[in-house]
Amino acid sequence: MGRAAEIVGVTQAFLRALDAAELLTPQRSEGGHRRYSRYQLRIAARVRQLVDDGNPLEAACRIVILEDQLADAQRINEELHQALRDDRHTD
(Lines give C-alpha, C1' and ligand atoms only; values in the text may rest on other atoms or scores of the structure.)
Protein backbone atom coordinates (compact mmCIF):
# COMPACT_ATOMS: atom_id res chain seq x y z
CA MET A 1 0.00 0.00 0.00
CA GLY A 2 2.85 2.35 0.76
CA ARG A 3 4.29 1.99 -2.73
CA ALA A 4 0.85 2.47 -4.32
CA ALA A 5 0.30 5.65 -2.30
CA GLU A 6 3.73 6.89 -3.35
CA ILE A 7 3.04 6.20 -7.03
CA VAL A 8 -0.27 8.08 -6.95
CA GLY A 9 1.04 10.84 -4.69
CA VAL A 10 -1.45 10.31 -1.89
CA THR A 11 -1.40 9.06 1.67
CA GLN A 12 -2.19 5.51 2.65
CA ALA A 13 -5.21 6.91 4.49
CA PHE A 14 -6.51 8.28 1.16
CA LEU A 15 -6.29 4.83 -0.41
CA ARG A 16 -8.02 3.33 2.63
CA ALA A 17 -10.79 5.91 2.21
CA LEU A 18 -11.29 4.83 -1.41
CA ASP A 19 -11.46 1.23 -0.22
CA ALA A 20 -13.99 2.20 2.47
CA ALA A 21 -16.04 4.09 -0.15
CA GLU A 22 -15.98 0.84 -2.18
CA LEU A 23 -14.54 2.64 -5.18
CA LEU A 24 -11.46 0.43 -5.13
CA THR A 25 -11.34 -3.13 -3.91
CA PRO A 26 -7.71 -4.17 -4.09
CA GLN A 27 -6.61 -7.77 -4.13
CA ARG A 28 -4.96 -9.05 -0.96
CA SER A 29 -1.63 -10.82 -0.70
CA GLU A 30 -1.32 -13.92 1.46
CA GLY A 31 -0.03 -11.65 4.20
CA GLY A 32 -3.14 -9.44 3.92
CA HIS A 33 -1.45 -6.52 2.16
CA ARG A 34 -3.48 -4.57 -0.37
CA ARG A 35 -2.41 -4.99 -4.00
CA TYR A 36 -3.62 -2.40 -6.50
CA SER A 37 -3.86 -2.89 -10.26
CA ARG A 38 -2.68 -0.23 -12.69
CA TYR A 39 -6.32 0.54 -13.47
CA GLN A 40 -7.04 1.07 -9.76
CA LEU A 41 -4.04 3.37 -9.47
CA ARG A 42 -5.34 5.42 -12.42
CA ILE A 43 -8.74 5.65 -10.70
CA ALA A 44 -7.09 6.76 -7.44
CA ALA A 45 -5.08 9.39 -9.31
CA ARG A 46 -8.25 10.71 -10.97
CA VAL A 47 -10.04 10.93 -7.62
CA ARG A 48 -7.02 12.75 -6.17
CA GLN A 49 -7.16 15.24 -9.04
CA LEU A 50 -10.86 15.88 -8.44
CA VAL A 51 -10.32 16.29 -4.69
CA ASP A 52 -7.41 18.64 -5.35
CA ASP A 53 -9.79 20.64 -7.56
CA GLY A 54 -12.03 21.16 -4.53
CA ASN A 55 -14.55 18.33 -4.81
CA PRO A 56 -15.52 16.40 -1.69
CA LEU A 57 -14.26 12.81 -1.70
CA GLU A 58 -17.77 11.37 -2.04
CA ALA A 59 -18.50 13.60 -5.05
CA ALA A 60 -15.15 12.77 -6.63
CA CYS A 61 -15.88 9.05 -6.31
CA ARG A 62 -19.29 9.51 -7.91
CA ILE A 63 -17.79 11.54 -10.77
CA VAL A 64 -15.26 8.79 -11.46
CA ILE A 65 -18.00 6.15 -11.48
CA LEU A 66 -20.07 8.22 -13.91
CA GLU A 67 -17.05 8.86 -16.15
CA ASP A 68 -16.38 5.12 -16.26
CA GLN A 69 -20.01 4.35 -17.09
CA LEU A 70 -20.00 6.98 -19.84
CA ALA A 71 -16.81 5.53 -21.37
CA ASP A 72 -18.40 2.06 -21.37
CA ALA A 73 -21.58 3.38 -22.99
CA GLN A 74 -19.59 5.22 -25.66
CA ARG A 75 -17.56 2.08 -26.41
CA ILE A 76 -20.73 -0.03 -26.72
CA ASN A 77 -22.35 2.63 -28.89
CA GLU A 78 -19.36 2.67 -31.24
CA GLU A 79 -19.35 -1.14 -31.43
CA LEU A 80 -23.04 -1.13 -32.33
CA HIS A 81 -22.53 1.56 -34.98
CA GLN A 82 -19.65 -0.44 -36.46
CA ALA A 83 -21.76 -3.61 -36.51
CA LEU A 84 -24.55 -1.70 -38.25
CA ARG A 85 -22.12 -0.34 -40.86
CA ASP A 86 -20.69 -3.82 -41.39
CA ASP A 87 -24.20 -5.28 -41.74
CA ARG A 88 -25.13 -2.66 -44.36
CA HIS A 89 -22.06 -3.51 -46.41
CA THR A 90 -22.89 -7.24 -46.49
CA ASP A 91 -26.44 -6.71 -47.82
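The text that follows walks through the structure, step by step, so that each part is easy to find. (Residues numbered from 1 in each chain as written. Predicted model: local features only at pLDDT ≥ 70, side-chain atom pairs only at ≥ 80, totals over all residues. Heavy atoms only, no water.)

1. Comments concerning the overall build of the protein
Cut-off, in case you're wondering: Strands are runs of DSSP state E lasting at least two residues, helices are runs of H or I lasting at least four, and both sets are numbered from the N terminus onward. Each radius of gyration is computed over the set of C-alpha atoms, and the globule rule expresses the reference value as 2.2 Å times the number of residues to the power 0.38. A simple rule labels every residue: compare its accessible area, found with a 1.4 Å probe on the protein chains alone, to the largest value its type can have, and call it buried under 20%, exposed over 50%, or partly exposed in between.
Helices and strands together make up the secondary structure of the protein, namely four helices and two strands. The order of α-helices and β-strands along the protein, N terminus first, is α-α-β-β-α-α. Taken over C-alpha atoms, the radius of gyration comes to 18 Å for the protein, far larger than the 12 Å a tight globule of 91 residues would show. Over its C-alpha atoms, taken along the principal directions, the protein stretches across nearly 60 × 35 × 20 Å. Considering the protein as a whole, with its 91 residues, one finds that 25% of them fall into the buried category.

2. Overview of the pattern of salt bridges
The test is simple: We define a salt bridge as a contact between a side-chain nitrogen of Lys or Arg and a carboxyl oxygen of Asp or Glu at a distance within 4 Å.
The full count for this structure, using the stated rule, is six salt bridges. When the shortest N-O distance is used, the salt bridge between Glu67 and Arg46 registers 2.6 Å. Taken together, the residues span a long stretch of sequence, with Glu67 in helix H4 (residues 57–90) and Arg46 in helix H3 (residues 38–52) at a distance of 21 residues. Judged by relative accessible area, which is 26%, Arg46 ranks as partly exposed. For the salt bridge of Arg85 with Glu78, the shortest nitrogen-to-oxygen distance reads 2.8 Å. Judged by relative accessible area, which is 34%, Arg85 ranks as partly exposed.

3. Examining helix H2 (residues 12–20)
Which entries qualify depends on this criterion: In this description, the arc belongs to the directions extending from the helix axis to the C-beta atoms. Two residues qualify as a contact provided that any one of their heavy atoms is within 4.5 Å of a heavy atom in the partner residue.
Those residues of H2 that sit buried are Phe14, Leu15, Leu18 and Asp19. Seen from one end, H2 has its buried residues packed into an arc of 145 degrees, which puts them on one side. Next to the buried residues of H2 lie helix H1 (2–8), strand E1 (27–28), strand E2 (34–35), H3 and H4.

4. Digging into the packing of H3 against H4
Which entries qualify depends on this criterion: A fitted line through C-alpha atoms serves as each axis, taken over the contacting stretch for helices, and the angle formed by two N-to-C directions is quoted from 0 to 180°. Roughly parallel means an angle under 35 degrees; roughly antiparallel means over 145; roughly perpendicular covers 65 to 115; every other angle is labelled oblique. Each crossing is labelled by how the near helix is turned from the far one, with a counterclockwise turn of less than a right angle marking it left-handed and a clockwise turn marking it right-handed.
Look at H3 against H4: their axes get within 9 Å of each other, and the N-to-C directions meet at 130 degrees. Here H3 is positioned oblique relative to H4, judged by the angle of their axes. For the pair H3 and H4, the sense of crossing is right-handed. Contacts from Tyr39, Ile43, Arg46, Val47, Leu50 and Val51 of H3 reach H4 at Leu57, Ala60, Ile63, Val64, Glu67 and Asp68.

5. Focus on the packing of H2 against H3
Quick note on the threshold: Classification used: nonpolar for Ala, Val, Leu, Ile, Met, Phe, Trp, Tyr, Cys and Pro, charged for Asp, Glu, Lys and Arg, polar for all others including Gly.
Taken N-terminus to C-terminus, the directions of H2 and H3 make an angle of 105 degrees; their axes are 11 Å apart at the nearest point. The angle between H2 and H3 falls in the class roughly perpendicular. Residues Phe14, Leu15 and Leu18 of H2 form the contact with H3, whose own contacting residues are Ala44, Val47, Arg48 and Val51. Partitioning the contact of H2 with H3 into residue classes produces six nonpolar, no polar and one charged.

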